[in-house]
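Secondary and tertiary structure notes
Each chain is listed here by its residues.
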Amino acid sequence: MTTQASLPPETPQTSDARVVHVLEFPGGYTRSTGPVIGRFLTGLRSGRLFGVRMPDGRVLVPPTEYDPQTAAALGAADEDWVQVGPAGTVTTWTWVDDPRPDHPLDRPFAWALIRPDGADTALLHAVDSGSKAAMATGMRVHPTWRAERTGAVKDIACFAPGEGPAEVPALAPAGVPTPVDGPASDGEAELEPVSMVTLPHRLEYRLRGGTVWNHFIDGMAVGQIRGTRCAKCGKVFVPPRGACPGDGVPATEWVDLPDTGVLTTFAVNNVPAAGAPEVPFISGYVLLDGADVAMLALVSDVPWQEVRIGMRVRGVWVPDAERTRSVKNLKWFAPTGEPDIPFEQFEEYV
Ligand SMILES: [Zn+2]
């Protein structure tokens, strides 16, 4: 069963969804460093900057595993490694008036490319110059080292104007109190070289839905799934698109779709994630009856071992009283108990 409306003029303009979206690996993304980056990061932990010498004699900081021009492997021999800086010269910069929460400084600062003395390339870091007027290309800067160094570029809190001195506080790994006395190397001798890092990955942005998305969300708020149809090819898109990706023409006709369909493919998720159901949970693509594009959804109310491609499913909604203007009103899809659909009947939508 479908009902239809056109856009415009029937599309209501009363709602205006602006939502904050976050794309991230919660807890960061863990990866191995390899020997070259690992050696650079191990140097940072000990409060020293290292570069790697290329066959033509130039020194790369931060080091790379391969010569950017010839692709020859770099850094294999100890003599290829050169301690540089710690002071250096700003080669270019840009000013940040309003630091973001994850920026290295909570006050206005400069992002700068800094060429450490003895290096032929520059590394990106923050310069705490106090004011934009105090920044200049060619200015001399030195690093301000943290005590809690883990083998990361943030082991340098920032760079500051002038030659230094760039004092290196005794190492106080996270969770370990700063030693009252004793040389910095005491704690380092027991540490393994850095070989793994966990890097933050987070993108936060505000999304203004626009006419099509708002009409779709208004439908979800009352338990109705709305798609758009292309006037040229007749394909129905859900979630709706404002234009047909195949024909490049506006998809101006609204179609109300049922909340039943077929599961065209699925995954059993065993990696816990913030905001996701308890593992193992099923995510999959559901081709709604009357739609030409499968939509990503959760599948539940069925043991994961019994989920199969071709399974007939129906949407499970939150109670009317709990509905908001959100796609989360449609909690998941559950089996209808009808016979499976043969793969041949939906293979073109997989
Ligand atoms: Zn089309």
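So, a few notes on the structure that sits alongside this text. (Residues numbered from 1 in each chain as written. Predicted model: local features only at pLDDT ≥ 70, side-chain atom pairs only at ≥ 80, totals over all residues. Heavy atoms only, no water.)

**Section: the coordination of the zinc ion**
- Here the zinc ion is held by the protein donor atoms Cys230 (SG), Cys233 (SG), Cys244 (SG) and Asp247 (OD), which lie 1.9 to 2.3 Å from it.
- Metal-centred angles of 103 to 114° between the four donor atoms at the zinc ion mark the site as tetrahedral.
- Ordering the donors of the zinc ion by residue number gives the pattern C-x2-C-x10-C-x2-D. Placement of the pair is Cys233 in the loop between β14 (225–229) and β15 (236–237) and Asp247 in the loop between β15 and β16 (253–257), with a sequence separation of 14 residues.
- Its relative accessible area of 38% is what places Cys233 among the partly exposed residues. (Donors = N, O, S within 2.8 Å, 3.2 Å for Na, K, Ca; no water. Tetrahedral: all angles 85-135°; square planar, octahedral: opposite > 155°, others 65-115°. Helix = DSSP H or I, 4+ residues; strand = E, 2+ residues; numbered from the N terminus. Buried < 20%, exposed > 50% of the residue type's maximum accessible area, 1.4 Å probe, protein only.)

**Topic: the sheet that holds strand β6 (residues 81–84)**
- The three strands are arranged β5-β4-β6 in an open sheet whose pairing can be described as antiparallel. At either margin of the open sheet sits one strand with a lone partner, and together these are β5 (59–60) and β6.
- Relative to β5, strand β4 (residues 49–53) is paired through two bridges, and the arrangement is antiparallel. For Arg53, the partnering residue across the bridge sits in β5 and is Val59.
- Contacting β4 and β6, helix α1 (residues 34–45) runs over the sheet at an angle of about 150° to β4. (Pairing = 2+ DSSP bridges. Contact = heavy atoms within 4.5 Å. Axes fitted to C-alpha atoms, helices over the stretch in contact; angles between N-to-C directions.)

**Side note on unusual backbone geometry**
- Going from Val61 to Pro62, the amide bond is cis rather than trans, its omega being -5°.
- Note on placement: Pro62 falls in the loop between β5 and β6.
- Pro86 follows Gly85 through a cis peptide bond whose omega is 5°.
- The residue Pro86 is located in the loop between β6 and β7 (88–96) in this model.
- With a phi close to 60°, Asp301 is a non-glycine residue in the positive phi region.
- Inspection of the secondary structure puts Asp301 in the loop between β19 (295–299) and β20 (312–317).

**Quick notes on the environment of Arg53**
- Within the element layout of this structure, Arg53 appears in strand β4.
- Relative accessible area serves as the criterion here: at 37%, Arg53 is assigned to the partly exposed category.
- As a C-alpha pair, Arg53 and Pro63 span ten residues in sequence and 8.4 Å in three-dimensional space.
- With near-sequence residues (within four places) excluded, Arg53 lies in contact with Arg58, Val59, Leu74, Asp80 and Val82.
- Only 3.1 Å separates the side chain of Arg53 from the backbone oxygen of Gly57, close enough to count as a polar contact. (Polar contact = N/O pair within 3.5 Å; in protein donor to acceptor, adjacent residues only side chain to side chain.)

**Notes on the side chain of Asp67**
- Here Asp67 lies in the loop between β5 and β6.
- An unpaired buried charge is present at Asp67: no salt bridge exists, and Arg58, the closest side chain of opposite charge, is 5.8 Å distant.
- Once residues within four sequence positions are removed from consideration, Asp67 is found in contact with Met54, Pro55, Ala72 and Leu74. (Lys, Arg positive; Asp, Glu negative; His and termini not counted. Salt bridge = Lys/Arg side-chain N within 4 Å of Asp/Glu carboxyl O.)

**Remarks on the pattern of salt bridges**
- If you walk through the whole model with that rule in mind, you get 15 salt bridges.
- Put simply, Arg202 and Glu24 hold a salt bridge, and the shortest N to O gap is 3.3 Å. Here Arg202, found in strand β13 (residues 202–208), pairs with Glu24, found in strand β2 (residues 18–24); they are 178 residues apart in sequence, far enough to count as distant.
- Judged by relative accessible area, Arg202 falls into the partly exposed class, the value being 45%.
- Arg314 is paired through a salt bridge with Asp259; the nearest N and O atoms lie 3.9 Å apart. Of this pair, Arg314 sits in strand β20 while Asp259 sits in the loop between β16 and β17 (260–269); the two residues are 55 residues apart in sequence, bridging distant segments of the chain.
- Relative accessible area serves as the criterion here: at 18%, Asp259 is assigned to the buried category.
- Here the residues in one salt-bridge network are Glu24, Arg202 and Glu204, joined through shared partners.

The values are spatial; any link to function lies outside them.
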